[in-house]
Amino acid sequence: MAATDPSHTTPLNSAPTQISDDARGYYTPGEPLVDPVAPTGPIGQRWTQRKFDNRLVNPANRRKLDVIIVGTGLAGGAAAATMGEAGYNVKSFCYQDSPRRAHSIAAQGGINAAKNYKEDGDSTFRLFYDTVKGGDYRSRESNVYRLAEVSADIIDQCVAQGVPFAREYGGLLDNRSFGGVQVSRTFYARGQTGQQLLIGAYQAMERQVAAGTVTEYTRHEMLEVIVVDGKARGIIARDLVTGEIETHLADVVVLATGGYGNVFFLSTNAMGSNVTAAWRAHRKGAYMANPCYTQIHPTCIPVSGDHQSKLTLMSESLRNDGRIWVPKNKEDCDKDPRDIPEEDRDYYLERIYPSFGNLVPRDIASRQAKNVCDEGRGVGPMVGDFRRGVYLDFTDAIARLGEDGIREKYDNLFDMYARITGENPYETPMRIYPAVHYVMGGLWVDYHLQSSIPGLFVTGEANFSDHGANRLGASALMQGLADGYFVLPNTIRDYLADGPFEKITEDHPAVVEARTQVEERVTKFLSINGTRSADSFHKELGHIMWEYCGMERSEDGLRKAIDMIRELKAAFWSDLKVLGTADSLNQSLEKAGRVADFIELGELMCIDALNRRESCGGHFRAESQTEDGEALRHDEEFAYVAAWEWGGEGGDPVLHKEDLIYTAIEMKQRSYK
Amino acid sequence: MATPTLVKGARSTRSTIALKLAMAVSGLIFIGYVLAHMYGNLKAFSGEEAFNEYAHHIREIGEPILPHAGALWIFRVVLLLALVVHVASAVALWRRASKARTQKYAVKKNIRSSLSSRTMRWGGLTLLLFIVWHLLHFTIVKVDVSTGDTGSDNPYRLLVDSFDVWWMTVIYLVAMLALAMHLHHGMFSAIQTLGFTNTAKSRARAREAGWILAVVVAGGFSLVPIFTLFGVIS
Amino acid sequence: MDLTLNIWRQPDAVTHGALHTYQLAGISEDMSFLEMLDVLNEQLNAAGEDPVAFDSDCREGICGTCSLMINGQAHGPEVTTTCQLHMRSFKDGDTITVEPWRADAFPVLKDLVTDRSAFDRIIQSGGYISANTGSAPEANSVPAPRDKAMRAFNVATCIGCGACVAACPNGSASLFMGAKITHLGELPQGQPERYTRVVDMVAQHDAEGFGGCTNIGECTAACPKEIPLDVISQLNKDLRTAMKQGR
Ligand SMILES: Cc1cc2nc3c(=O)[nH]c(=O)nc-3n(C[C@H](O)[C@H](O)[C@H](O)COP(=O)(O)OP(=O)(O)OC[C@H]3O[C@@H](n4cnc5c(N)ncnc54)[C@H](O)[C@@H]3O)c2cc1C
Ligand code: HEM
Ligand code: SF4
Ligand code: FES
């Protein structure tokens, strides 16, 4: 960190005033929002000071405090382990058959930490700076600074647990540079970093299960939050094997339920990834922040047909050696790429961004791929009206490093590609296309990770906190573990210091109401008895979202999408067909619940995107670009967090704005030209 | 059969791996024994005198510290104990394995396992039957199948007369095939059970050891019956 | 392509199941095996028949949820997970038999879905390094030899799918357990608990009703992560050492 604290006592920007109002008629303006526990003082001191100020819970009392943690990914697993170690009485939930299968397991590239092991000028401040800048100045600086600060502790913790990070010959930890940053601060375990980190957290949690402090409920899906006297006091969950609707009461509830990228149907998320937990909380009063901020990853394996159930990410590292191109002429698109001469190829990223070339940030690489495909110059099979794919060509790299050199670096990726596509990427160029990968939006939380419902905390990808409008590579794992191991345990105690709260019983009216809601919904799904499967509605929703709320969003498109989603919602509730019973393992029933919530979320995402008439990070509004087609931010109007309050069934959502004021970093427009 | 509770007070000696170790050690004792036994059998090629001399000598090992046939009895007790341990562990593991999958697959393919590894149990049972028969034949009753006499005191004659009969030779050759297969996997398995195959290379070597042992032992044992049948030994 | 599917149907854990035959037409070879089952399920749903329950989540070969016995091979004919298996590994007109993992320690819950929580309990019994949050020393204070760290990583890639158990004629979970023992045992941080860990994990493994290993090696042929047989040797060795220490 810099010797003198970089933060200023006076703000570096003024509060925004929105002039445009594209979403009028779709929402109700609400009161401005401020983080009630936002820290003040020099930025480098804020977290230390806060840890000290937050009240402690007497160890003897902890056993009497019941903590529900929904989700066992990095954020939830780490929190369950840590809270269990501290002696709280933890109940942990996940919908998978084992906590170890949470989708954090799929992360490939790595995890950032400001260790500066390479002595290349990294520091807490630089990681903080890069994250805020990468997020296009749409995140809260205190939160991000804290994230950067605890990042180093994460690595220590993981190594102590036995996470087998890559090492150098001397036995010390290795780092690589990732996602276009100029320092090497990414720790990794080959292409399976998420898996190794999650197994570390999982094992720590299982140790607490054995110790009796954590009880795990696997194959359980949370379907409702219980709010009593304004405080979250438990959840209603369905045992996915027996179908039993269970009530679990507690002093505090933590949601670590991951991202909602599956609203697009096709994404790199797991089949079961859902918004249900977050959405149910939203309907009970938790604000949903910046729901439209979606990250679309440029290097995924393209869609091969209508049957496709999910998309597979190919590590970004491929862009270090592969060259991206499409044919200059449409007529060449169905030719064997090897027969297209050099002069007929358009290496469009190298052409448009000569200095960054193929290594431009994710959102730019994705959008340009979409542009060339929309021009009709895409390659691969026709999907709908277009070919959706561009070449990622390793011919030059193979000539330079030899086939063995490439194999050494990427063989698992090349094998995976060959398995999925049936093509040999050593011989013909790979085809790639962007896919939804991560959502920066999520439930609104304050500096303590507490949502707008007291006693309901939200961690990991499920909250909106740290990445602004765009997330840097290798920073989601960092955030999940930061939240779970170090932040939440230190903030939740300030809330729990007032506990144990008054005991409530299962016949409390609020509990009965929550339970009844769940039971009625289940019965409803089974009784509509229409003609279409939940999956078919989900696919249709995905098409709408991808088309109108995907890589490029426009006012007209979004309005159209909102209408289409409303129609889809009506069709869903009248034409859904779910077979089987409520009291058994019923995967169609599970799916129906998730799709119902995705549909409502999709509408809110479009409204949020419509309101934000600027381009920032992963959100690109066609109406807000520079002359040469680059994203254009409007800080004076939109330097705020859009926190949406549920407007009731049939009502409009209420928009609360939390202004983003910086004291340590000055806002700048991004430029990669 | 999964259990919802965690085991308390676990002991290494009460594990399946302890049973496996018992099998490996007793199996290695057998291997040592069959190697020595085979070496002795090959004495048949040196003629009647040398063979009988050797059979007699076994009984004199360790004299005068040990009484006559003392060492032989020690060997016998050790072997018997090893057999009890080996068979008892095999039975225990066999029963566990059949309880581990009570509902069988409708279709099941074997990909990497060798035939010998999959027939250890039935092969072992064959060997057990053979050992009983073999002991009755040569050690306890000493039946000369060509004459019908029992209690012969000339081991060499007993051997030659037995293997002159073709079906006796066949029984022994089949038993040796069973032994070869048992050792082919057993040798490797014992090395692995003892934990000496922690690399791909050492594993390959252990497999080679299995092959060599199987060929040497079964081959070595088979020479005498075959050569007797064809009259080379008479 | 057109296929005949023999699929194990079982309404719940207690009711007896049986193989049912379904005909499926027009399957593309670009589909994954599970997408083929998705198509079947759409078809069943439309016909008013209960769709086939099967487990999957990440569908990219890393979470270990998918778990099908396909024509007598765990995860099917390729060295990969069920979700990464594609229909181009089959031919038009093929008959494919699909069964759940079979092991009494993995009871069937419905159709092709099994309960693998026994694996979680094996980990609970000792498959961890005790390091409370916040108590860790600086990460580089203890160097770990690179070759050992590599071996630890290679076996830590186990996804806990249970294919090794499904393929093993003895229903043994030794490969899974050996992978964890080796992962933690190769790292300096794993040493203090090394020999209690192995005893506790093996005891839990046995109590769950998994069979003993006979070093047959079917597990390694089925393992989508190619965990090698030497982890079982390592497991045996560590247990033998624990025995010597009188544990
Ligand atoms: C393919 C891929 C690659 C990635 N690579 C990287 C990378 O290299 N670096 C990086 O930093 N980030 C990466 N990310 C992003 C990162 O992995 C995720 O953002 C992060 O792991 C999310 O962790 P989490 O704990 O918040 O949620 P998850 O790990 O998604 O966990 C969610 C948990 O919530 C549970 N759950 C959800 N809903 C319910 C419900 N209704 N009831 C009960 N339980 C529920 C689930 O069972 C699960 O346990 C990648 C993401 C993907 C998809
Ligand atoms: C000449 C006699 C025998 C020899 C030399 C011998 C040798 C061996 C050896 C070395 C092993 C490997 C142990 C391991 O897996 O680590 C073995 C395994 C085995 N033996 Fe024998 N054995 C003999 C007789 C028998 C008999 C009589 C039986 C009768 C039941 C038997 C049954 C088995 C079985 C079932 C195994 C496999 C067990 C396992 O791997 O778990 N063996 N034998
Ligand atoms: S060892 Fe292999 S087969 Fe067994 S659980 Fe692990 S990954 Fe699956
Ligand atoms: S579904 Fe995750 S490994 Fe197959």
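Residues numbered from 1 in each chain as written. Chains lettered and ligands numbered in written order. Predicted model: local features only at pLDDT ≥ 70, side-chain atom pairs only at ≥ 80, totals over all residues. Heavy atoms only, no water.

Undergrad: Please provide a residue-by-residue account of the site of ligand 2, values included.
TA: Near ligand 2 you find 22 residues, and of these B:Lys20, B:His86, B:His182, B:Ser189 and B:Thr193 are the closest. Chains contributing residues to the immediate surroundings of ligand 2 are chains B and C. The contact in question runs from an oxygen atom of ligand 2 to an N or O atom on the side chain of B:Ser189, over 2.5 Å. Listing elements by their share of the shell around ligand 2, those giving two or more residues are helix 1 (16-42), helix 3 (70-100), helix 5 (120-140) and helix 7 (166-193) of chain B. In terms of residue count, helix 7 of chain B provides more of the shell around ligand 2 than any other element does, seven residues in total. Within the shell around ligand 2, the residues separate by chemical class into 12 nonpolar, eight polar and two charged. (Near = heavy atom within 4 Å. Polar contact = N/O pair within 3.5 Å; in protein donor to acceptor, adjacent residues only side chain to side chain. Helix = DSSP H or I, 4+ residues; strand = E, 2+ residues; numbered from the N terminus. Nonpolar A, V, L, I, M, F, W, Y, C, P; charged D, E, K, R; others polar.)

Undergrad: Before we move on, could you go through the confidence of the model for chain C and cite the residues and values that matter?
TA: Mean pLDDT over chain C: 97, with 100% of residues reaching 70 or higher. The ipTM value of the predicted complex is 0.98, and its pTM value is 0.96. (pLDDT = per-residue confidence, 0-100.)

Undergrad: I'd love a proper account of the packing of helix 2 (residues 48-58) of chain B against helix 6 (residues 155-163) of chain B, names of residues and values included.
TA: All names here are of chain B. Where helix 2 meets helix 6, the closest approach of the two axes is 8 Å, and the angle between their N-to-C directions is 120 degrees. Where helix 2 approaches helix 6, its residues Glu 48, Phe 51, Asn 52 and Ala 55 are matched on the opposing element by Pro 155, Tyr 156, Arg 157 and Leu 159. Here the contact of helix 2 with helix 6 is composed, by residue class, of five nonpolar, one polar and two charged. (Axes fitted to C-alpha atoms, helices over the stretch in contact; angles between N-to-C directions. Contact = heavy atoms within 4.5 Å.)

Undergrad: Break down the pattern of salt bridges for me, citing the residues and quoting the values.
TA: Considering all chains together, one arrives at 73 salt bridges over all chains under this definition. The shortest N-O distance in the salt bridge between C:Arg194 and C:Asp238 comes to 2.9 Å. Of the two residues, C:Arg194 is situated in helix 6 (residues 194-207) and C:Asp238 in helix 8 (residues 230-244); the sequence distance between them amounts to 44 residues. Taking relative accessible area as the criterion, C:Arg194 reaches 15% and is therefore assigned buried. Residue C:Asp238 is classed as buried on the basis of its relative accessible area, which comes to 2%. Salt bridges sharing common partners tie together A:Asp22, A:Glu555, A:Arg559, A:Arg613, A:Arg621 and A:Glu623. (Salt bridge = Lys/Arg side-chain N within 4 Å of Asp/Glu carboxyl O. Buried < 20%, exposed > 50% of the residue type's maximum accessible area, 1.4 Å probe, protein only.)

Undergrad: Which residues make up the interface of chain A and chain C, and what values do they have?
TA: Each side of the interface is counted separately: chain A has 73 residues, and chain C has 74 residues. Applying the counting criterion to the chain A and chain C interface returns four salt bridges. The residue A:Asp97 makes a salt bridge to C:Arg116 at a minimum N-O spacing of 3.0 Å. Mapped onto the side of chain A that touches chain C, the elements with two or more residues apiece are helix 3 (74-86), helix 5 (141-161), helix 6 (193-211), helix 10 (395-421), helix 11 (476-496), helix 13 (534-548) and helix 15 (587-611) of chain A. Ranked by residues supplied to the side of chain A that touches chain C, first place goes to helix 6 of chain A with nine residues. Along the lines of polarity and charge, the residues of the side of chain A that touches chain C split into 28 nonpolar, 28 polar and 17 charged.

Undergrad: I'd like to hear about helix 11 of chain A, residue by residue, with values.
TA: Most pronounced at A:Val487, the bend in helix 11 of chain A amounts to some 50 degrees, and the proline A:Pro489 follows within four residues. For helix 11 of chain A, the buried fraction is high: 20 of the 21 residues fall into the buried class. (Bend = angle between axes of the 7 residues up to and from the residue.)

Undergrad: Before we move on, could you go through the packing of aromatic side chains and cite the residues and values that matter?
TA: Residues and elements named next belong to chain A. Summed over all chains, the structure comprises 38 aromatic pairs over all chains. Ring geometry for Phe 128 against Tyr 145: centres 5.1 Å apart, planes inclined by 65 degrees, an arrangement best described as edge-to-face. Taken together, the positions of Phe 128 in helix 4 (residues 124-134) and Tyr 145 in helix 5 put the pair 17 residues apart, joining distant regions of the chain. Across this residue pair, the class does not change: Phe 128 and Tyr 145 are buried. An aromatic cluster is defined as three or more aromatic residues linked by ring pairs; in this entry it consists of Phe 394, Tyr 410, Phe 414 and Tyr 426. Sitting over the face of the ring of Tyr 447, Arg 146 holds its NZ or CZ atom 4.2 Å from the ring centroid. Arg 532 extends its terminal NZ or CZ atom over the ring of Phe 537, reaching a point 4.0 Å from the ring centre. (Phe/Tyr/Trp six-rings, centres within 6.5 Å; stacked < 30°, edge-to-face > 60°. Lys NZ or Arg CZ within 6 Å of the ring centre and 35° of its normal.)

Undergrad: Explain the coordination of the iron atom of ligand 2 to me, using residue names and the numbers behind them.
TA: All names here are of chain B. Only His 86 (NE2) and His 182 (NE2) from the protein reach the iron atom of ligand 2 as donors, at distances of 2.1 Å. With six donor atoms in place around the iron atom of ligand 2 and angles of 81 to 179 degrees between them, the coordination shape is octahedral. On the criterion of sequence distance, the pair formed by His 86 in helix 3 and His 182 in helix 7 is long-range, its members being 96 residues apart. Comparing His 86 with His 182, the two get one shared label, buried. (Donors = N, O, S within 2.8 Å, 3.2 Å for Na, K, Ca; no water. Tetrahedral: all angles 85-135°; square planar, octahedral: opposite > 155°, others 65-115°.)

Undergrad: Describe unusual backbone geometry, and please don't skip the residues or the numbers.
TA: Cis geometry marks the peptide bond from A:Gly499 to A:Pro500; its omega dihedral reads -10 degrees. Along the chain, the position of A:Pro500 falls in the loop between helix 11 and helix 12 (509-528). Of note in this structure, A:Phe265 is not a glycine but carries a positive phi near 60 degrees. Position of A:Phe265 relative to the elements: it lies in the loop between strand 10 (252-255) and helix 7 (276-283). Its identity is not glycine, yet C:Arg59 carries a phi of approximately 50 degrees, on the positive side. Within the secondary structure layout, C:Arg59 lies in the loop between helix 1 (33-46) and strand 3 (69-70). Taking the relative accessible area as the measure of exposure, C:Arg59 reaches 6% and is therefore buried.

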